[in-house]
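# Residue-level structural notes
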Amino acid sequence: MKSGAIPRFALAIALVTCLVLLVQGVGWALVAALALVWGGTLWLAAARPPETPGPAPRRSLSRDMMGELIEQSQTPIIVTEKKRIAIANREARDLLGSHIVGQDVRMALRQPEAVRLLENEADGTAIVRGLARRRDIWRVARKQLGDGLAVIEFVNRTAEADISRAHTDFVANASHELRTPLAAILGYVETLRDDVEQLDPATAERFLGTIQREARRLQDLVSDLMSLSRIEAEKHDLPDELVDLTALVERAARDGAGAERAARLQLQTGGPCHVRGDSQQLEQLVRNLVDNAFKYGGEDEPVTVALDCTNGAKAVLRVQDRGDGIAAEHLPHLTRRFYRTDPGRSRASGGTGLGLAIVKHIVERHQGRLDIASTRGEGSIFEVRLPLTALEETPPAG
Ligand code: ADP
């Protein structure tokens, strides 16, 4: 009941009772006294101020409880007491070292952005670079708890920044790759139009040849960029087509070699070999590897394409050339987009710099593995392992 509200229903009962008593012949003085006491009691009850709850017993987490609470968090968290680190959970100790407990937090973090945030007694956030490793980026958030206590939380933003940098680099590289042939095409077309009278037919023919080559380069680039984005978009869908890998490898290797180089192609395929896959993508993988082996292999040397499905649960495809080989420092970067060990040679042979990036993504989508081995002066071996499928196996659901 709200304080101060007269309980009308109770008052009505009191009145009715008094009337009944009067009708029953009880003396009016007695009834009046009863009405007075009853009504007064009700009035007093209504007028009494509501009971206000006293100050809540101060509940504060003990340091141990606080430590226990944050210990299992996957985020590094520290609690400071008057700028000294009182508690650091496991993630924070892994990040900054166990020695930080008891240290001045400004000493423990050191980075100027973090120190500026911690000097202030106010809540706030700061982006801090190189906290534990040179290239890492952390968002540090500080929240004041009272009694000189503050909680500081660290959120790793390095991966996010890496992805965003990779996107920016990719767009810059792709634009550069597209602009170069476009500029060449425009330049030659302008020369042909402006000097049409003076140009002898042989020179004009040469210019047209260059225009055609550069236009093809543009076409290949756009087609590889589209393949890459399609494969990336599907990277989480497991391909479920039953593929006869032996037939596919033979077909795609011959395709990759082309009529001119077919005589140098050595095919070593065995019996039946089946995988669950995307046949178009697997053909592209074989074509890219075989084309590279011919492009970068020795001019008159053979290229071997071997498929082995007899070793356990994996099909092993090996593409081997006898070229100059690849220096060891390049090997970890070969599958990066637009990475080339010799850009001039790659461009001269019509390379887009995307072939191995496409191979890597196709292998990943098929839950396979790509290994590259190379010896300077002897050649390179690109090996792809794919999970084999028994023929009676039903396709995976979904
Ligand atoms: P590209 O279109 O330039 O051939 P790739 O992505 O297919 O692009 O290959 C990236 C780079 O890896 C090539 O530019 C080349 O420097 C190197 N490379 C690829 N395959 C071979 C190989 N079989 N032998 C030597 N170098 C190779």
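Residues numbered from 1 in each chain as written. Predicted model: local features only at pLDDT ≥ 70, side-chain atom pairs only at ≥ 80, totals over all residues. Heavy atoms only, no water.

Spatially, β2-β1-β5-β4-β3 is the arrangement adopted by the five strands of the open sheet, whose pairing is antiparallel. The sheet is open, and its two edges are formed by β2 (84-88) and β3 (124-129), each paired on a single side. Strand-to-strand twist in this sheet, taken as the mean axis angle between neighbours without regard to direction, amounts to 30°. Where helix α3 (residues 63-71) meets the sheet, it contacts β1 (77-81), β2, β4 (137-146) and β5 (149-156), and its direction lies at approximately 60° from that of β2. The strands touched by helix α6 (residues 112-119) are β3, β4 and β5; relative to β3, the strand with the most contacts, the crossing angle is about 160°. (Pairing = 2+ DSSP bridges. Helix = DSSP H or I, 4+ residues; strand = E, 2+ residues; numbered from the N terminus. Axes fitted to C-alpha atoms, helices over the stretch in contact; angles between N-to-C directions. Contact = heavy atoms within 4.5 Å.)

Further remarks concern the pattern of salt bridges. Throughout the structure, instances matching the rule amount to 22 salt bridges. Arg-106 is paired through a salt bridge with Glu-119; the nearest N and O atoms lie 2.8 Å apart. Of this pair, Arg-106 sits in helix α5 (residues 105-109) while Glu-119 sits in helix α6; the two residues are 13 residues apart in sequence, bridging distant segments of the chain. Overall, Arg-106 belongs to the partly exposed group, its relative accessible area being 26%. One network of salt bridges, with partners in common, ties together Arg-251, Asp-255, Glu-283 and Arg-287. (Salt bridge = Lys/Arg side-chain N within 4 Å of Asp/Glu carboxyl O. Buried < 20%, exposed > 50% of the residue type's maximum accessible area, 1.4 Å probe, protein only.)

Near the ligand lie 19 residues; those nearest to it are Asn-292, Tyr-296, Thr-341, Ser-346 and Gly-353. In this structure, Gly-353 approaches the ligand through a main-chain N or O atom, which is 2.8 Å from an oxygen atom. Protein contact buries 97% of the 530 Å² of open area that the ligand shows by itself. The cavity where the ligand resides is the largest pocket. Those elements that place two or more of their residues in the shell around the ligand are α10 (279-296), α12 (355-365) and β12 (379-387). The element that contributes the greatest number of residues to the shell around the ligand is α10, accounting for three residues. (Near = heavy atom within 4 Å. Polar contact = N/O pair within 3.5 Å; in protein donor to acceptor, adjacent residues only side chain to side chain. Areas by Shrake-Rupley, 256 points an atom, 1.4 Å probe, with all protein chains shown as cover. 1 Å grid on protein atoms, 1.4 Å probe; cavity = no way out; pocket = protein on both sides within 12 Å on 5 of 7 lines; lining within 4 Å. Sits in = over half its atoms within 2 Å of the grid points.)

The next thing to look at is unusual backbone geometry. Positive phi, normally seen in glycine, also occurs at Lys-83, with a value near 70°. One can find Lys-83 in the loop between β1 and β2. Phi angles above zero are rare outside glycine, and Phe-338 is one such case at about 65°. Tracing the chain through its elements places Phe-338 in the loop between β10 (314-320) and α11 (343-348). Judged by its relative accessible area of 10%, Phe-338 falls in the buried class.

It is worth spelling out empty space enclosed by the protein at this point. Tallying each qualifying case throughout the model produces two cavities of 30 Å³ or more. Considering only enclosed or pocket space, the largest cavity measures out at about 60 Å³ in volume. Among the secondary structure elements, those contributing two or more residues to the lining of the largest cavity are α9 (245-261), α10, β10 and β12. Of the residues contributing to the lining of the largest cavity, the split by class is twelve nonpolar, no polar and no charged. (Points joined across faces, edges and corners; volume = space filled by probe spheres on them. Nonpolar A, V, L, I, M, F, W, Y, C, P; charged D, E, K, R; others polar.)

Bringing the sheet that holds β12 into the picture now. Across the sheet, five strands lie side by side as β7-β9-β10-β12-β11; this open sheet has mixed pairing. Strands with a single pairing partner mark the edges of an open sheet, and in this sheet they are β7 (265-269) and β11 (369-375). Looking at each pair of strands side by side, their axes are set apart by 10° on average, direction ignored. The pairing of β11 with β12 spans seven bridges and is antiparallel. Bridging from a neighbouring strand, Asp-371 pairs with Glu-383 of β12. Running over the sheet, α9 touches β7, β9 (303-308), β10 and β12 and is turned about 175° from β7.

Bridge count between β9 and β10: five bridges; the pairing is antiparallel. Along β10, the bridge assignment pairs Ala-306 with Arg-318. Here β10 runs beside β12; their pairing, made up of seven bridges, is antiparallel. Bridge pairing in β12 places Lys-314 opposite Pro-387.

This model, assessed by the stated rule, comprises two aromatic pairs. The interplanar angle of 25° and the centroid separation of 6.0 Å between the aromatic rings of Phe-170 and Phe-338 together place this pair among those described as stacked. Of the two residues, Phe-170 is situated in helix α7 (residues 158-194) and Phe-338 in the loop between β10 and α11; the sequence distance between them amounts to 168 residues. If you follow Arg-337 out to its NZ or CZ, it ends over the ring of Phe-170, 4.7 Å from the centre. (Phe/Tyr/Trp six-rings, centres within 6.5 Å; stacked < 30°, edge-to-face > 60°. Lys NZ or Arg CZ within 6 Å of the ring centre and 35° of its normal.)

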